[in-house]
Amino acid sequence: MVKVLMAQDKSGSSPVKDQTKKPRVALADRVYHSLYSRITNGEYAPNSKLPPENILATDLEVSRPVLRTALEKLREEGLVYSRQGAGSYVRAAKHAPLGFAKVETLADIQRCYEFRLTIEPEAASLAATRHNEAILREIEHALDLLKVATGSNQHREDADFAFHLAITRAANNHYLEASMRALREHINVGMKLHGQSLMSDGLKRLEEVLEEHSAIYRAIRDGRAEEARTLMYRHIEHSRDRLFGGSLLSLKM
């Protein structure tokens with residue numbers, strides 16, 4: 001019986017150098033998702049003060065204008081609020097993602113994986129034939145963050161989600177992207193638990209998962225649509241099976 005408890009990149013590269021390679025909008029979107037993940041995961045508790053902008057910008061390897069763009073989006077969504085002269089503070093999201101109830105059981109996590117298996121392989125296939133250089137760099141950057149985390153025997157679900165979201169964006173189908181964004185908190189639960197199980201199994205497992213991500217990236221980069229589809233399907237399937245220990249729950253009505 002499966003038992004699961006529910007509940008930086010330190011490469012030294014220059015933020016300015018990174019931004020010469022990527023449009024500000026893409027960078028701000030990545031920072032937004034990273035901060036969103038930290039907030040929804042409880043790393044930044046409701047009503048707690050976010051770190052000062054200079055510290056956050058250094059941590060996330062972006063300029064302060066890029067960081068402020070991301071913070072503004074978080075404010076618009078009601079996840080962050082400002083106190084004049086005191087900085088930015090966190091508050092809990094008021095609403096669940098549109099169309100999806102909160103993850104409450106292991107069965108919900110399994111259903112989320114099931115749904116991902118229906119949309120993400122197709123997104124990867126489309127991304128292989130529709131991507132441009134800008135979105136490819138965004139996928140690559142998320143992969144770089146995963147590489148650094150793996151080298152430190154860590155898993156970063158924010159980078160993991162950013163990788164998968166960027167691929168749906170590369171598919172250039174806003175319905176696929178909207179579905180991923182709506183599922184963000186749900187996917188994050190599975191990614192967090194999966195990451196914890198990987199770290200408990202040692203570096204070898206983390207490296208295996210990193211190679212799965214890398215292979216997907218290479219297939220998309222090189223335009224190999226069917227291979228990208230197959231690799232994405234296997235990656236999500238492997239993640240689910242690693243988390244559930246190969247013993248899936250019966251979802252019969």
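Computed from a predicted structure; not experimentally measured.

Q: Hey, could you run me through the overall build of the chain in this one?
A: Counting its regular elements, the chain contains eleven helices and two strands. Ordered by position from N to C terminus, the α and β elements of the chain give α-α-α-α-β-β-α-α-α-α-α-α-α. Looking at the chain residue by residue over its 253 residues, the buried ones come to 48%. Summed over its atoms, the accessible surface of the chain is roughly 12700 Å², and 51% of this surface lies on carbon and sulfur atoms.

Q: Got a minute to help me understand the packing of helix H5 (residues 106-130) against helix H9 (residues 184-201) in this structure?
A: The angle between the axes and the distance between the axes are what describe a pair of packed helices. Interaxial distance between H5 and H9 falls to 9 Å at its minimum, and their mutual angle equals 105°. In this view, H5 runs roughly perpendicular relative to H9, as classed from their interaxial angle. Between H5 and H9, the contacting residues are Ile109, Cys112, Tyr113 and Arg116 on the first element and His186, Ile187, Val189, Gly190, Met191, Leu193 and His194 on the second. Class assignment for the residues of the contact of H5 with H9 results in seven nonpolar, three polar and one charged.

Q: So what exactly am I meant to see when it comes to the packing of aromatic side chains here?
A: For any two aromatic rings, the description comes down to two numbers: the centre-to-centre distance and the angle of the planes. Counting across every chain of the model gives two aromatic pairs. On the numbers, 5.9 Å between centres and 20° between planes, the contact of Tyr81 with Tyr89 is stacked. Given the relative accessible area of 16%, Tyr81 is considered buried. A relative accessible area of 11% places Tyr89 in the buried class. Taking the ring centre of Tyr89 as reference, the NZ or CZ of Arg83 above it sits at 4.1 Å.

Q: Can you help me understand the nonpolar core in this one?
A: Inside soluble globular proteins, nonpolar side chains tend to come together where they are buried. The biggest cluster of nonpolar side chains holds 32 residues, and the ones touching the most others in it are Ile109, Ile139, Phe163, Ile167 and Ile220. When contributions to this core are tallied by element, the ones reaching two or more residues are H5, helix H6 (133-151), helix H7 (157-170), helix H10 (203-221) and helix H11 (225-244). Dropping the residues within four chain positions of it, Ile220 is found in contact with Ala124, Ala127, Ala128, His131, Leu136, Ile167 and Ala228. One finds Tyr32, Tyr44, Val66 and Val90 within the second-largest nonpolar core, a separate group that totals 21 residues.

Q: I'm lost on H10 in this one. Help?
A: Since one α-helical turn is 3.6 residues long, residues separated by three or four positions face the same way. An ideal rise of 1.5 Å per residue puts 27 Å on 19 residues; H10 measures up with 27 Å between its terminal C-alpha atoms. Of all the residues in H10, the buried ones are Leu206, Val209, Leu210, Glu212, His213, Ser214, Ala215, Ile216, Tyr217, Ala219 and Ile220. In this fold, the buried residues of H10 make contact with H5, H6, H7, H9 and H11. Positive phi shows up at Gly223, right after H10, with a value of about 75°.

Q: Sorry, what's going on with the pairing of strand S1 (residues 80-83) here?
A: Every other side chain in a regular strand lies on the same face of the sheet, so the side chains alternate between the two faces. Pairing of S1 with strand S2 (residues 87-90), which is carried by four bridges, proceeds in the antiparallel orientation. Across the sheet, the residue bridging to Val80 is Val90, located in S2. The turn joining S1 and S2, which pair antiparallel and follow one another in sequence, is formed by three residues; a positive phi near 75° is taken by Gly85.

Q: Hey, could you run me through unusual backbone geometry in this one?
A: A negative phi angle characterises most non-glycine residues, just as the trans form characterises most peptide bonds. Although it is not a glycine, Asn47 adopts a positive phi angle of roughly 70°. Residue placement: Asn47 occurs in the loop between helix H2 (24-40) and helix H3 (53-60). You will see that Glu61, though not glycine, has its phi angle at about 60°, which is positive. Of note, Glu61 is situated in the loop between H3 and helix H4 (64-76).

Scoring rules and cut-offs
Residues numbered from 1 in each chain as written. Predicted model: local features only at pLDDT ≥ 70, side-chain atom pairs only at ≥ 80, totals over all residues. Heavy atoms only, no water. Helix = DSSP H or I, 4+ residues; strand = E, 2+ residues; numbered from the N terminus. Buried < 20%, exposed > 50% of the residue type's maximum accessible area, 1.4 Å probe, protein only. Areas by Shrake-Rupley, 256 points an atom, 1.4 Å probe, with all protein chains shown as cover. Axes fitted to C-alpha atoms, helices over the stretch in contact; angles between N-to-C directions. Parallel < 35°, antiparallel > 145°, perpendicular 65-115°, else oblique. Contact = heavy atoms within 4.5 Å. Nonpolar A, V, L, I, M, F, W, Y, C, P; charged D, E, K, R; others polar. Phe/Tyr/Trp six-rings, centres within 6.5 Å; stacked < 30°, edge-to-face > 60°. Lys NZ or Arg CZ within 6 Å of the ring centre and 35° of its normal. Core = buried A, V, L, I, M, F, W, Y, C linked by side-chain atoms within 4.5 Å. Expected span 1.5 Å × (residues − 1). Pairing = 2+ DSSP bridges.

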